[in-house]
Amino acid sequence: MDSTNGSQTLEAQAEAFFDSAPPLQNTHQITQKLDQFIQHKSSPSTNGDARRIVCVTSGGTTAPLEQRCVRYVDNFSSGHRGATSTEYFLKAGYAVIFLYRRGSFQPFCRSLPDDPLVECFEPTDELNIQVREAYSEAVKRAIVDHHAAVTGGHLLKLPFNTIFEYLQMLQLIATSMRCLGPCAMFYLAAAVSDFYVPWKDMVEHKIQSGSHFLDVQLVQVPKMLSMLRKDWAPLAFCVSFKLETDSNILLNKAATALEKYKMHAVVANELTTRKEHVVVVTSADNIIVRRDKSLSGNDVENPLIKLLSERHAAYIKDSSRQV
Ligand code: PMT
C-alpha cells in the first residue's frame, strides 16, 4: 500500500513510517542508557512507593527536504516549556527522560546569560580562565544543579533533530518504560511535524535553485499518540499539548484530542500567552493554571507540574486498586 493512502489503519501507517525512515544512529547505546536509567530508578524508594519516571519531549522536530540535508521544514518551539517543566518534575521527585531538539533550551540553563559562552569567561593568564564576575552566581548554580541531576541518575538527556529521529526515539523510550506501568508519565510538549517527505521520495542532493517554483509533496505524519496509548506503553499516564494561535478554537481542539487519542490530560496553550496561563483539559474538568505574578521568577510550569503530579499520583492509586 502507498504511504499516502488515507484508508490505511494507524498501525499500517506507523509501520510504513518506521520502515521507510532512515535507521536511527546509536540505537544500541540509547537502549542501553534507557535500560540502565529505568532499572536504577524503578526499584521502590525507601518508603516503599514506586518511583515515578516522566518522559518530557521538548523543542520542534524538523522535516528534511533532502537526504543530504541542507534545507528542512521546522516547527516552532524554543524548548522553554520542556526545559522548565523538567526542573519542576525533578523538584517533585520524578526521574526525567528529557527528549529534546539539539540546540533548544536546556534544564537549569534558563538563568544563564544570552551572551555566547566565550563572552561569559575571561582569561586569568595564558592557560587559565574564570567566569566573569557578573555571571558567576548564575553559571555556578546551573552547573551544580545540572551536575547533581545527571550524576545522581535523575536526569537522562537524549537529543533529536528530525521527525524520523524523534518518533523512533519516542518509541524506544515508551517501550522501555512500559515495565513501569502506571508509574510512567509522558509529557509531550515537543512541537511535532504534521507533514514530512518520506525518505524514499526525497532527493539525495541539495535542491537546485533556478526554477520559479519549488514543488515538494509532503505527506501527513501518522499521529503516534494513539500508538503510544494502545501499544507502546498502554498503562502510562499521558499528557499531550495543544497549541493554537486562535483562542476561539483552542479548547474544542484540546477536548477533541483528549477523546480521540485517549489522553489523560491535554494542556491547551495559546502562542502569545503560553508563559502566562494554560488550561489543563481532562474528561472531568478544565482547569486554568496561571503563573503567580506576585512571586519573582515564578513560572506557569510550577503550578502546572504540581497539578499533573497530583493527578498522576491519583491515577497510580486508582490503578493499584483495580489490580
Ligand atoms: O517550547 P516553547 O517555546 O516554550 O513553546 C511551548 C509549546 C507551545 C511548543 C508547547 O507548550 C506546545 O504546545 N507543544 C505542542 C505543540 C504542537 O505541536 O501541537 P500540535 O497541535 O501540533 O500537536 C498536538 C500533540 O500531538 C502534541 O503533543 C504532539 O506531541 C502530538 N503530535 C503532533 C503531530 C504528530 N504528527 N504526532 C504527534 O504525536
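Heads up: the structure comes first, above all this text.
Residues numbered from 1 in each chain as written. Predicted model: local features only at pLDDT ≥ 70, side-chain atom pairs only at ≥ 80, totals over all residues. Heavy atoms only, no water.

### Some words on the site of the ligand
Stated formally: We call a residue near a molecule or strand whenever a single non-hydrogen atom of that residue lies within 4 Å of it. Here a polar contact means two N or O atoms within 3.5 Å. Within protein one must be a hydrogen donor candidate and the other an acceptor candidate, and residues neighboring in sequence count only if both atoms are side-chain atoms. Note on areas: these come from Shrake-Rupley sampling with a 1.4 Å probe, and a residue is covered only by the protein chains present in the view. Segments assigned H or I by DSSP are reported as helices when at least four residues long, segments assigned E as strands when at least two residues long, and all are numbered from the N terminus. Each residue gets one label: Ala, Val, Leu, Ile, Met, Phe, Trp, Tyr, Cys and Pro are nonpolar, Asp, Glu, Lys and Arg are charged, and the others, such as Gly, are polar.
Residues in contact with the ligand amount to 24 residues; listed here are only the nearest, Ser77, Ser78, Gly79, Lys242 and Asn269. Backbone polar atom of Gly79 to an oxygen atom of the ligand: 2.8 Å apart, as the coordinates give it. Between the ligand and the protein, one listed contact pairs an oxygen atom with a backbone N or O atom of Phe241 at 3.2 Å. Summarising the interface, the protein chains cover 95% of the accessible area of the ligand, which totals 790 Å² for the free molecule. Elements that contribute at least two residues to the shell around the ligand include exactly helix 3 (80–91) and strand 11 (237–244). The element best represented in the shell around the ligand is strand 11, accounting for four residues. For the shell around the ligand, a count of residues per class yields twelve nonpolar, seven polar and five charged.

### Observations concerning the sheet that holds strand 8 (residues 184–188)
Heads up, the condition is: Should DSSP find at least two bridges between two strands, the strands are taken to pair. Interaxial angles span 0 to 180 degrees and are taken between N-to-C directions of axes, which are lines fitted to C-alpha atoms, for helices over the stretch in contact.
Reading across from one edge, 7-4-1-8-11-12-13-14 is the order of the eight strands in this open sheet, with mixed pairing throughout. Every other strand in the sheet has two partners, leaving strand 7 (155–160) and strand 14 (286–290) as the edge strands with one partner each. Going across the sheet, the axis of each strand differs from the next one's by a mean of 20 degrees, ignoring polarity. Across six bridges, the pairing between strand 11 and strand 12 (residues 265–270) is parallel. Residue pairing for strand 12: Leu243 is matched across the bridge by Asn269.

### Considering the packing of aromatic side chains
Between two aromatic rings, the relevant description is the distance of the centres plus the angle of the planes. Stated precisely, the cut-off is as follows: Paired rings are identified among Phe, Tyr and Trp, the last through its six-membered ring, by centres lying within 6.5 Å, and are further divided according to the angle between planes into stacked (under 30 degrees), edge-to-face (over 60) and tilted (the rest). Accessibility here uses a 1.4 Å probe with only protein chains present; expressed as a share of the type maximum, an area under 20% marks a residue as buried, one over 50% as exposed, and anything in between as partly exposed.
On inspection of all chains with the given rule, the structure shows twelve aromatic pairs. Centre to centre, the rings of Phe237 and Tyr315 are 5.3 Å apart; their planes meet at 50 degrees, and the pair counts as tilted. In this pair, Phe237 is assigned in strand 11 and Tyr315 in helix 9 (residues 301–322), connecting sequence segments 78 residues apart. The pair Phe237 / Tyr315 is uniform in exposure class, with both members buried. Of the aromatic side chains, those joined through ring pairs into one cluster are Phe17, Phe18, Phe164, Tyr196, Trp199 and Trp232.

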